[in-house]
Amino acid sequence: MSVLPLVFTSGWASGINAYAVVLLLGIFGRTGLTDEVPASLQRTDVLVIAAVLFLCEAVADKVPYLDSIWDTVHTVIRPVAGAVIGALLAGQSGSLSDITAAAVGGSTALASHFVKAGTRMAINTSPEPFTNVGMSIAEDLGVAGLVTFAMFNPEAAAIIAAVLLAAGLAVLIFLWSRIRRFLRRRAQRREEKRLAAEVRETTGAPPH
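Below, the structure is looked at part by part. Only a predicted model underlies this, so the values are computations on that prediction, with no experimental measurement involved.

Reading guide: rules and limits
- Residues numbered from 1 in each chain as written.
- Predicted model: local features only at pLDDT ≥ 70, side-chain atom pairs only at ≥ 80, totals over all residues.
- Heavy atoms only, no water.
- 1 Å grid on protein atoms, 1.4 Å probe; cavity = no way out; pocket = protein on both sides within 12 Å on 5 of 7 lines; lining within 4 Å.
- Points joined across faces, edges and corners; volume = space filled by probe spheres on them.
- Helix = DSSP H or I, 4+ residues; strand = E, 2+ residues; numbered from the N terminus.
- Nonpolar A, V, L, I, M, F, W, Y, C, P; charged D, E, K, R; others polar.
- Axes fitted to C-alpha atoms, helices over the stretch in contact; angles between N-to-C directions.
- Parallel < 35°, antiparallel > 145°, perpendicular 65-115°, else oblique.
- Contact = heavy atoms within 4.5 Å.

1. Overview of the layout of surface pockets
In this structure, the largest pocket spans a volume of roughly 370 Å³. What lines the largest pocket is a set of 17 residues, and nearest its centre among them are W12, I16, V115, E139 and L164. Among the secondary structure elements, those contributing two or more residues to the lining of the largest pocket are α1 (4-30), α4 (98-123), α5 (130-152) and α6 (154-203). Its residues assigned to classes, the lining of the largest pocket shows eleven nonpolar, four polar and two charged. In terms of lining residues, the second largest pocket is bounded by A18, Y19, V22, L41, V46, I49, A50, L53, A81, V84, I85 and L88. When residues of the lining of the second largest pocket are traced back to their parent elements, those giving at least two are α1, α2 (44-60) and α3 (66-93). In terms of residue class, the lining of the second largest pocket is built from twelve nonpolar, no polar and no charged.

Structure representation (structure tokens):
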């Protein structure tokens, strides 16, 4: 079970930015910082592809509405990446069943992905773009910092990841109610405008 904290932390991070996790783990393995990273994640082609996709995400993640489209596309990719990384880490250490590790990594990645995607939906209700940029930078720094910390203290990193995940889910519940109210108000305004237009057409009254 010694690899489970690292699997959990990498799963949480994969739900936010899976390409950054693959890139970081690969670099840590190539530089000899840890022996926990399997050789398949250290391959040059894997690192190059992860770096290119990470740069693409770094741009898309900072543009309002484009970030939500990107998140939608990655609803499957991030959990699958978390599951694969978890299974590879478990297979490398031989201390945890690959199936169990995949389940932990994939489910954690799915939960953190929903937190990220839902938070961005709430942020996109605001017309200014600066919050998206700030949130994206904070997410990237959080992933890099926590994955790096997990190399030296995986148990503490897993605890931090669990707290962040729980807090994110709580915030998502709060923000989701705000999103629903915002959507209801917008739909109500559209309906009022439509009814007003129909009344004007019927009565021939000039628009106000």
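Back to the write-up after that little detour.
2. Concerning the packing of α1 against α5
The geometry of α1 relative to α5 is characterised by a closest axis approach of 9 Å and an angle of 80 degrees between their N-to-C directions. The pairing of α1 with α5 is recorded here as roughly perpendicular in orientation. Of the residues in α5, those in contact with L6, T9, W12, A13, I16, N17, A20, V21, L24, L25 and F28 of α1 are E139, D140, G142, V143, A144, L146, V147, T148, A150 and M151. Tallied by class, residues from the contact of α1 with α5 come to 15 nonpolar, four polar and two charged.

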